[in-house]
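A look at the structure
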Amino acid sequence: MNEAIDELLTVPQVMRRLKLGRSTVYDLIRSRRLVSITIGRSRRIPASSVRQFIEHEIDEAA
């Protein structure tokens with residue numbers, strides 16, 4: 001079976017994609033509105049989590 005590998009983004013990459021500050025991105029992670037994983041001391045956010053967050057926010061605004 002061929003599975004697509006999800007791109008893992010850094011916090012600064014998510015900040016740029018969402019046009020948000022560092023503390024806001026970490027607040028979204030803490031509140032579990034953005035899924036993240038820790039690899040060693042590095043925090044990574046799957047690109048699919050960012051897409052789901054955006055879709056959820058659009059649905060909520062509608």
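Just above, that's the structure.
Let us look at the structure shown here. Keep in mind that what you see is a predicted model, and the values were worked out from it rather than measured.

**Things to note about helix α2 (residues 22-30)**
Along α2, the positions that sit buried rather than exposed are Val-25, Leu-28 and Ile-29. All buried residues of α2 lie within an arc of 100 degrees about the axis, which places them on one face of the element. Across α2 from its buried face, at more than 90 degrees, point the exposed residues Ser-23 and Arg-30. The elements touched by buried residues of α2 are α1 (11-18), β3 (42-46) and α3 (47-61).

**Examining the nonpolar core**
Ranked by size, the top nonpolar core spans 12 residues in total: Leu-9, Val-11, Val-14, Leu-18, Val-25, Leu-28, Ile-29, Leu-34, Ile-45, Ala-47, Val-50 and Phe-53. Broken down by secondary-structure element, the contributors of at least two residues to this core are α1, α2 and α3. Beyond its immediate sequence surroundings of up to four residues, Leu-18 is in contact with Leu-34, Val-50, Phe-53 and Ile-54.

**Structural notes on the pairing of β3**
Pairing between strand β1 (residues 8-9) and β3: 2 bridges, direction antiparallel. Residue pairing across strands places Leu-9 opposite Ile-45, the latter belonging to β3. Connecting strand β2 (residues 37-39) to the next strand, β3, in antiparallel fashion are 2 residues, including Gly-40 with a positive phi near 65 degrees.

Analysis parameters
Residues numbered from 1 in each chain as written. Predicted model: local features only at pLDDT ≥ 70, side-chain atom pairs only at ≥ 80, totals over all residues. Heavy atoms only, no water. Buried < 20%, exposed > 50% of the residue type's maximum accessible area, 1.4 Å probe, protein only. Helix = DSSP H or I, 4+ residues; strand = E, 2+ residues; numbered from the N terminus. Arc of directions from axis to C-beta. Contact = heavy atoms within 4.5 Å. Core = buried A, V, L, I, M, F, W, Y, C linked by side-chain atoms within 4.5 Å. Pairing = 2+ DSSP bridges.

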